Amino acid sequence: MTVTDQPSPVDALQDLRRSIDNIDAALVAMLAERFRCTKAVGALKARYGMPPADPARETRQITRLRTLAEDAHLDPDFAEKFLNFIIHEVIRHHEAIAKQSAETPVK
């Protein structure tokens, strides 16, 4: 292969950025699906008076995610921070669902 067979740095950069854009779109779609599921979990917990947070599960999930991150050669500390951010948001949603459920009269 000669130097002229390789894409220019600008073309290579554009290709990489297209890939990043596609990955970002997939991440957003996956997060939306995850939050759809956690919203259903929040409704179920509210219906049956279960607490919004489950610290034991959170600990298991963090341990699991750290292992997945290590296996994928991703910084486990970063992965844990990312999951903690998501968990915090999920708990906030669950608390809001529980509050709304408590304020809504049963028919």
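Model, not experiment: these values are computed from the prediction.

On a plain count of helices and strands, the protein chain comes out with three helices and zero strands. Listed N to C, the secondary structure of the protein chain is α-α-α in terms of helices and strands. Whereas a compact globule of 107 residues would reach a radius of gyration of roughly 13 Å, the protein chain reaches 21 Å, over 25% beyond that. On the principal axes, the C-alpha backbone points of the protein chain span a range of 75 × 30 × 15 Å. Put simply, the protein chain has 107 residues, and 17% of those count as buried. Look at the contacts in the protein chain between residues 6 or more apart in sequence, and 60% of them connect residues 24 or more apart.

To continue, consider a positive patch on the surface. Residues Arg34, Arg57, Arg60 and Arg64 make up a contiguous surface patch of positive charge. Residue position: Arg34 is located in helix H1 (residues 9-47).

Mapping Ile86 onto the fold places it in helix H3 (residues 76-103). Spatially, the C-alpha atom of Ile86 lies 30 Å from that of Gln14, the residues being 72 residues apart in sequence. If sequence neighbours within four positions are ignored, Ile86 has contacts with Leu31, Arg34 and Phe35.

A word on the side chain of Thr38. Relative to the elements of secondary structure, Thr38 occurs in helix H1. Sequence-distant contacts of Thr38, defined by excluding residues within four places in its chain, comprise Val90 and His94.

So, about unusual backbone geometry. One non-glycine residue, His73, lies in the positive phi region at around 60 degrees. Looking at the secondary structure, you find His73 in the loop between helix H2 (55-71) and H3.

Parameters at a glance
Residues numbered from 1 in each chain as written. Predicted model: local features only at pLDDT ≥ 70, side-chain atom pairs only at ≥ 80, totals over all residues. Heavy atoms only, no water. Helix = DSSP H or I, 4+ residues; strand = E, 2+ residues; numbered from the N terminus. Rg over C-alpha atoms; globule rule 2.2 N^0.38 Å. Buried < 20%, exposed > 50% of the residue type's maximum accessible area, 1.4 Å probe, protein only. Contact = heavy atoms within 4.5 Å. Patch = residues over 30% accessible without salt bridge, like charges linked within 9 Å, V, L, I, M, F, W, Y side chains within 5 Å. Areas by Shrake-Rupley, 256 points an atom, 1.4 Å probe, with all protein chains shown as cover. Salt bridge = Lys/Arg side-chain N within 4 Å of Asp/Glu carboxyl O. Lys, Arg positive; Asp, Glu negative; His and termini not counted. Charge placed at Lys NZ, Arg CZ, Asp CG, Glu CD.

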